Amino acid sequence: EAESLLGFMVGEFADKLRSVKRMDLLDGISNKALEYFSQQDEEVTESIFPSITGTEQNFKTRFQHAQTLAAMGEVAYSRNKNDEAKQAFDTAKTILDKLYKIQPKNSELLKALGANAFWLGQLAMDRAEFTSAKPNFEEYLSFSKLMNQLKPNSDDAKLELSYAYLAIGGINSKLQKLDEARRALEKALAIQYELTEDLPQTDMSQLDIADTLEWLAETEEQLGNLQKAVVLREKVQFILLTLIDTHKSNGDLLEALAYSYLNNTNVLYYLGQYNAANRSALSAKANLDTLLQQDPSNEIWQLDLLRADVFERHLMALEHKTPDSQTITWTDFQRILSRAKKFHSLIAIVIKSYQLGGNWDLADSAIQLAKSKLEQLLSEQPANQLLLTALSNVYLLVAKQDEHAQNQLGAASTTNATSNAHSDKRQACQQAANLLQPIVTDNSGYAVLLPYVQAHDCLQQQDKVRPFVDKLALMQIKNYRF
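Remember, it's a predicted structure, so these values are computed and weren't measured experimentally.

## Considerations on the overall build of the protein
Thought 1: Per the secondary structure count, the protein includes 21 helices and 0 strands.
Thought 2: In the protein, buried positions account for 51% of the 482 residues.
Thought 3: Taking as baseline every contact in the protein between residues at least 6 positions apart, the subset at least 24 positions apart corresponds to 65%.
Thought 4: Total accessible area on the protein stands at roughly 22,600 Å², and carbon and sulfur atoms take up 51% of it.

## Side note on helix α6 (residues 107–126)
Thought 1: A rise of 1.5 Å per residue sets the reference length of α6, with its 20 residues, at 28 Å; its end C-alpha atoms lie 29 Å apart and thus fit the reference within 8%.
Thought 2: Burial of α6 is extensive: 15 of the 20 residues sit out of reach of the surface.
Thought 3: You can read the cap of α6 off the contacts: a side-chain oxygen lies 3.1 Å from the backbone nitrogen of Glu108, and it is on Asn106.

## Notes on the state of the cysteines
Thought 1: In the structure shown here, the tally under the stated rule is 1 disulfide.
Thought 2: Linked covalently through their sulfurs, Cys429 and Cys458 form a disulfide whose S-S length is 2.0 Å. Between Cys429 and Cys458, the S-S dihedral sits near 90°, and the bridge is therefore right-handed. Of this pair, Cys429 sits in helix α19 (residues 416–436) while Cys458 sits in helix α20 (residues 446–458), placing them 29 residues apart in sequence. There is no split in this pair, since Cys429 and Cys458 are both buried.

## Description of the confidence of the model for the protein
Thought 1: On average, the protein scores 86 in pLDDT, and the residues at 70 or more come to 84%.
Thought 2: Per-element mean pLDDT across the protein ranges from 57 in helix α3 (residues 23–46) up to 96 in helix α7 (residues 130–150).

## Examining the nonpolar core
Thought 1: Counting residues in each nonpolar core, the largest one holds 67 residues, and the members touching the most others are Val310, Phe333, Ile336, Ile347, Ile351 and Leu472.
Thought 2: If you look at the next biggest cluster of nonpolar residues, it comprises 49 residues, including Ala164, Ile191, Val236 and Leu262.

## Some thoughts on unusual backbone geometry
Thought 1: One non-glycine residue, Gln460, lies in the positive phi region at around 60°.
Thought 2: Assignment of secondary structure puts Gln460 in the loop between α20 and α21 (466–474).
Thought 3: Of the residues examined, Gln460 reaches a relative accessible area of 67% and is grouped as exposed.
Thought 4: For Gln476, which is not a glycine, the phi torsion comes out positive at approximately 70°.
Thought 5: By relative accessible area, Gln476 is classed as partly exposed at 40%.

## Structural notes on the environment of Ala124
Thought 1: Note on placement: Ala124 falls in helix α6.
Thought 2: Between the alpha carbons of Ala124 and Asn82 there is a distance of 9.9 Å; along the sequence they are 42 residues apart.
Thought 3: In contact with Ala124, other than residues within four places in its own chain, are Glu129, Ser132 and Ala133.

## So, the pattern of salt bridges
Thought 1: Summed over all chains, the structure comprises 20 salt bridges.
Thought 2: Here Arg182 and Glu220 are joined by a salt bridge, their closest N and O atoms 2.9 Å apart. Here Arg182 is found in helix α9 (residues 178–195), whereas its partner Glu220 is found in helix α10 (residues 206–222), with 38 residues between them in sequence.
Thought 3: Taking relative accessible area as the criterion, Arg182 reaches 25% and is therefore assigned partly exposed.
Thought 4: Overall, Glu220 belongs to the buried group, its relative accessible area being 4%.
Thought 5: We note a salt bridge from Glu312 to Lys285, for which the minimum N-O separation is 2.6 Å. With a gap of 27 residues between them, Glu312 in helix α14 (residues 299–318) and Lys285 in helix α13 (residues 274–294) connect regions that are remote in the sequence. Lys285 shares its class with Glu312; the two are buried.
Thought 6: Several salt bridges share partner residues, and in doing so they unite Lys285, Asp309, Glu312 and Arg313 into one network.

## As for α21
Thought 1: Three or more residues of α21 are buried, namely Phe468, Val469 and Leu472. For α21, the buried positions fall inside an angular range of 105° around the axis, keeping them on one side. Among the exposed residues of α21, those oriented more than 90 degrees off its buried face are Pro467 and Leu474.
Thought 2: On its buried face, α21 sits against α20.
Thought 3: Phi turns positive one or two residues past the end of α21, at Gln476, with a value near 70°.

Analysis parameters
Residues numbered from 1 in each chain as written. Predicted model: local features only at pLDDT ≥ 70, side-chain atom pairs only at ≥ 80, totals over all residues. Heavy atoms only, no water. Helix = DSSP H or I, 4+ residues; strand = E, 2+ residues; numbered from the N terminus. Buried < 20%, exposed > 50% of the residue type's maximum accessible area, 1.4 Å probe, protein only. Contact = heavy atoms within 4.5 Å. Areas by Shrake-Rupley, 256 points an atom, 1.4 Å probe, with all protein chains shown as cover. Expected span 1.5 Å × (residues − 1). Polar contact = N/O pair within 3.5 Å; in protein donor to acceptor, adjacent residues only side chain to side chain. Disulfide = S-S within 2.5 Å. pLDDT = per-residue confidence, 0-100. Core = buried A, V, L, I, M, F, W, Y, C linked by side-chain atoms within 4.5 Å. Salt bridge = Lys/Arg side-chain N within 4 Å of Asp/Glu carboxyl O. Arc of directions from axis to C-beta.

Here's what the structure looks like:
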C-alpha cells in the first residue's frame, strides 16, 4: 500500500503539480521518494537472492525510481541548475533503457522514455547545441510512434505523438530547416485539431494548439514573414486568454501567454512598432509576476521577467518616456551575460539603453565585458550563429561609442584625435561585417541580415548589400540604417 501511494505521488500526482507549475512541492515529494529508492537499491545490492531483481515488483520500483529522478530533473531545470538536471535525466535514462529491454511493449515505459529523451534534447537546445539536440527529439518521436502502434485508438498516445512532432518542428526551425519544421508542425496541429474537434474552447486541450501555433509563428519569423508571425501569436494569445478565464491560476497557461507576449515584443521591436511592442512587454511582465507569486524560486521566470523589463525600459527610452528607474543595473547586465547563450539578443539592447540614456562610460564597460564573454563562448562554438550575431551587434555598438567620441571632439575634424575616432568607427563596423560574412545567405533571417546591412551602411557600402536591403523591406523592416 505504501509503495502504491508512492507510485501515485511520483506519477499521477506529480503530473498534477507540473500542470500548475508547483515545482517547490514536486521537489519535496521527489526528494522523499529518492530516500526510499536509495534504501531499496542498497537492500537489493546486499541481497543473497539476485533473482529478486527480475521480479515484477522490482520492475515497478525501478520504474518509479526513474520517474522520481525525472521529476528531480524538472525541478533542477526550473531553478536554472541545468547540470543537476542533466545528471538526473541521464541517470533516469540508464534505468529506463534497462527496463525497456525487459518490457519493450509497456506503453507507460515508452511514454517515460520519450519524455526523458525530450528533456535531454531541451537541455541541449538551451545550450544552443541544436545539432546534438536533434537525435534526442528523434528518439522522442520514435518512442511516441511505438506507443501509437501499441494503442492506435489511445488519445493519450496520439497527444504524445503530436508533442513529438512539435519538438521535431522546433529543432528544425532552430537548425534553419524551415520546410521540415513546417511539415512537422502541421502534422502536430492536425492531430491536435482532431483531438479537440468536439471539445469547447475552454477545454485545456486547446493549450496544445496554442503551443503549436507559437512554433509555427517562430518558423514564419525565420522565413521573414514577420507580420504573419505577429498575427499567429495574436491567435495564440486569444486562445490562452479564453482558457485563463476558466482556469485562472494554471501555470502552463500563464507561462505560455508570457512567452507569446515576449516573442511578439521582439518581432514588433524589429518592425519598429514600438508602442505595440511596449504593450506586449508589459503583458509579459504581468504574467511572469503572477507566475513568480506561485513559485518565487523559479530562476527561469526571474530571468524572463528581467528580459521583459529590459525590453520595456529600452522601448520607453526610444519613445523618450521616463521609466521609474532608467538604468538597467550592472548586476542585472551581469546576470544576462551569465546566460548569454539564451539571452544573446538582450546584450546589445542593454548597451543601447545605456547609450540612449547618455551613460557612455557604463556602455563602454558593458561592451568590454560582453566582448570578452562572447569571444570566449565563440572559441568553444565558432559556428554558433546566435553568438556570432550577438558579437556583431556589440561591434556595431563599439562603432557608436567611437562616433560619440568623434562628435565630442567637435568641429576640429582635422585633428589626429578626430581622425583616430573616425578610423576606429570604421574598423568596428568592418569587424561586424567580417564576422557575419561567412554565415549570410539568401535564406538568412532578419536577426543576421540587419546587423550585416547596418555594418555596410556604416562603411557607406550600401550597394554591396542591396539585395539584403530589399529582403528586409519585404519583411517590413525599414530601419536598417547604422
